[in-house]
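Residues per chain, in single letters:
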Amino acid sequence: MVKKTGKRSKKDYQGGSTKVNNGSQLKRVLENGEFAVTAECGPPKGADPEIVRKKGELLRGNVDAVNVTDNQTAIVRMSSLAACALLKQAGLEPVLQMVVRDRNRIALQSDVLGASALGIRNLLCLSGDHQVFGNQPDAIGVFDLDSMQFLQVVKGMRDKGVILGNDALQTSPDLFIGAAANPFADPKEFRVVRLAKKIKAGADFIQTQCIYNLDRFEAWLSMARDRGLTEKVFILGGVTPLKTAGMAKYMKTRVSGMDIPDEIIRRMEGVPKEKQREEGISICVETITRLKELKGVNGVHIMAIEWEEAVKEIAERAGLLPRPVFGEG
Amino acid sequence: MAFMITAEQKPVEEIREMIAPFKRILVLGCASCVAECAAGGQKETAMMASALRMAARMEDMDVLIEEMTIDRQCVEEFVIRLDDVIGSYDAVLSLGCGAGVQAVADMYQEIPVIPALNTEFLGETKGQGLWVENCLGCGDCMLYYFGGVCPLARCSKQVLNGPCGGSVDGRCEVDSEVPCAWQLIIDRLTGFNALDRLENIYPPKQWSKKQGKGPRKIIREDQQK
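Residues numbered from 1 in each chain as written. Chains lettered and ligands numbered in written order. Predicted model: local features only at pLDDT ≥ 70, side-chain atom pairs only at ≥ 80, totals over all residues.

**Student:** It is not clear to me how the overall build of chain B should be interpreted in this structure. Could you clarify?
**Tutor:** Helix and strand counts for chain B stand at seven helices and nine strands. Taking 17 Å as the expected radius of gyration for a compact globule of 225 residues, we find that chain B reaches 22 Å, considerably beyond that expectation. Each principal axis of the C-alpha atoms in chain B carries an extent, and together these give about 65 × 45 × 30 Å. Within chain B, the proportion of its 225 residues that are buried is 34%. Nonlocal contacts in chain B, meaning residues at least 24 apart in sequence, comprise 56% of its contacts between residues at least 6 apart. (Helix = DSSP H or I, 4+ residues; strand = E, 2+ residues; numbered from the N terminus. Rg over C-alpha atoms; globule rule 2.2 N^0.38 Å. Buried ≥ 20, exposed ≤ 12 C-beta atoms within 10 Å, placed from the backbone. Contact = placed C-beta atoms within 7 Å.)

See the structure below:
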């Protein structure tokens, strides 16, 4: 059971410096040295709030926070901000994902303030999947800020109380700031440089691309450790349970920056179709077990795409339950 | 030509729909950029006029279609040459770029000027029949910082602090035919031993220099008489 949120102190809502407890449960879990668990919840292609609440219920008690995706794969869905507010009302801890694809700097900063006002305490700053992949291929890609600049702007809003251009805010947003990293993209040597830049820009935590190739992930992590980066940021390794061998092959060949070793594909193909989901979960649990042993990995981010039911079993089998509960400090 | 505006012809059906209400049409070519990219020069203008005449004849339509090409549709002193002939037509079909179409329209307020081309971009000629966009004309060149490769024109997400997570084997996730601009930038800067330039976080672009108050203008008093 997640702790029922009591009455918040006033300072929680006023944001400001990081010294003030910012009300993020995810931050408390990580700062207490617990191996954190987050999961992903994709908003529906429709206006029904019940779907969001149902997905939230599947995750309640099994994770520390729920990432809500922002029109992922550039397909129009219920807004991430609205879905986060619904989860928050239901007593869950949302991580608002925001992409720079659809909003210029005015809208981004405005939504950051709105998110904080709604009590959302975690924000993941992303580029977003390119619009050509989705169902609005004729849309303009805004990309007014890139994800790095967005991180820097949010950090400035929170820590200095200013927006881009240094105009002062009446009240700073109160947010635990996250960024993504893909250890499997090219150019390999530069991935860690970019991670360092994201930390410098403002990332408090990192959620990575799905990990299937652990050797390559460890090589990236060791470069990050060598640069002292794992001391400066919390890293949550991303995992996605495979549903079928077909999905594994599709992701390997069609999803850019996704590294799925042949051995994983053979494992999925090696079991009958009706057992493949189970095999996918087993692979996922084994990955988490290995991630838990790695110095510099502070948690796991489970992206069970349209399969939120799987999260509980994965968390249970990986020994991640029950989730810890911390007071508001 | 140091730089070039590129354009492509619109589908002939779209052009025929736009010119349908008119009986006396001047097909007007431009001998500059659009001639260079084989979209609206003298040769293409002749072919366009002849195709439209043939189509009109097939449908037994009584339409006068004549052609003419001037050196530059975007320069007033060349457009003025239409003064003597423009009265004979009730529409101009321009094979100039968007600037040319508007310059002609500006000069002859009473006559519709219809675009026959889709103006594309400020292009580099890569080879025979191949033009690529490497410059957005953003008004604030940053090529020095990026080793001579523009991330605004050449990165699909216009990332100034790249590469994003979609760069694989030097290719862009959006289209495997597209080289990743950030791989090119890193390769170039590595060659110059200047990779440390990328340790900086580049600030947000000043788009006011591209999209300011209305259309951009260059005023050079030293060039004015």
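**Student:** How do you make sense of helix 3 (residues 49–59) of chain A when you look at a structure like this?
**Tutor:** Since the α-helix packs 3.6 residues into each turn, any two residues three or four apart lie on the same face. All names here are of chain A. Of all the residues in helix 3, the buried ones are Val 52, Lys 55, Gly 56 and Leu 59. For helix 3, the angular spread of the buried residues around the axis is 105°, confining them to a single face. Residues of helix 3 that are exposed and angled more than 90 degrees away from the buried face: Glu 50 and Glu 57. Turning to helix 3, the residues buried within the fold contact strand 1 (36–41), strand 2 (65–68), helix 4 (80–89) and helix 12 (309–317). In the segment just after helix 3, Gly 61 is the residue with positive phi, at about 85°. (Arc of directions from axis to C-beta.)

**Student:** Sorry if this is basic, but what is going on with the pairing of strand 1 of chain A here?
**Tutor:** Across a regular strand the side chains alternate sides, sitting on one face of the sheet and then on the other. Residues and elements named next belong to chain A. Counting buried positions over the six residues of strand 1 gives six, a clear majority of the element. A two-sided burial pattern is seen for strand 1, the buried positions comprising Ala 36, Thr 38 and Glu 40 on one face and Val 37, Ala 39 and Cys 41 on the other. Two strands pair when backbone bridges link them, and strand 1 and strand 2 are joined in this way by four bridges, in the parallel orientation. Among the inter-strand pairings, Thr 38 is bridged to a residue of strand 2, identified as Ala 65. In this view, the connection linking strand 1 to its parallel neighbour strand 2 by way of helix 3 has right-handed handedness. (Pairing = 2+ DSSP bridges. Right-handed = clockwise from strand over helix to strand, strands pointing away.)

**Student:** Would you explain the packing of helix 6 (residues 147–160) of chain A against helix 7 (residues 188–201) of chain A in this entry?
**Tutor:** Each packed pair of helices is defined by two parameters, the angle between the axes and the distance between the axes. All names here are of chain A. Between helix 6 and helix 7, the least distance of the axes is 8 Å, while the angle of their chain directions is 25°. It follows from the interaxial angle that helix 6 and helix 7 lie roughly parallel. Contacts between helix 6 and helix 7 involve Met 148, Leu 151, Gln 152 and Lys 155 on the former and, on the latter, Lys 197, Lys 198 and Ala 201. Its residues assigned to classes, the contact of helix 6 with helix 7 shows three nonpolar, one polar and three charged. (Axes fitted to C-alpha atoms, helices over the stretch in contact; angles between N-to-C directions. Parallel < 35°, antiparallel > 145°, perpendicular 65-115°, else oblique. Nonpolar A, V, L, I, M, F, W, Y, C, P; charged D, E, K, R; others polar.)

**Student:** Explain the interface of chain A and chain B to me, please; I cannot follow it from the model alone.
**Tutor:** In this assembly, 26 residues from chain A lie in contact with 24 residues from chain B. Those elements that provide at least two residues to the side of chain A that touches chain B are helix 6 and helix 7 of chain A. Considering only residue class, the side of chain A that touches chain B consists of eleven nonpolar, nine polar and six charged.

**Student:** Honestly, the sheet that holds strand 7 (residues 130–133) of chain B in this entry has me stumped. Any pointers?
**Tutor:** Hydrogen bonding along the main chain pairs the strands of a sheet, whether they run parallel or antiparallel. Residues and elements named next belong to chain B. Overall, antiparallel pairing links the three strands, which are arranged 1-6-7 in an open sheet. Only two strands of the sheet have a single partner each, and these edge strands are strand 1 (4–9) and strand 7. When strand polarity is set aside, the average angle formed by the axes of neighbouring strands in this sheet is 65°.

**Student:** Would you mind going over the packing of helix 5 (residues 105–117) of chain A against helix 6 of chain A with me for this structure?
**Tutor:** Residues and elements named next belong to chain A. Taken N-terminus to C-terminus, the directions of helix 5 and helix 6 make an angle of 45°; their axes are 11 Å apart at the nearest point. The angle between helix 5 and helix 6 falls in the class oblique. Where helix 5 crosses over helix 6, the two elements pack in a sense that is right-handed. Contacts between helix 5 and helix 6 pair Leu 108, Gln 109 and Val 112 from the former with Phe 150, Val 153, Val 154 and Met 157 from the latter. (Left-handed = near helix turned anticlockwise from the far one by under 90°.)

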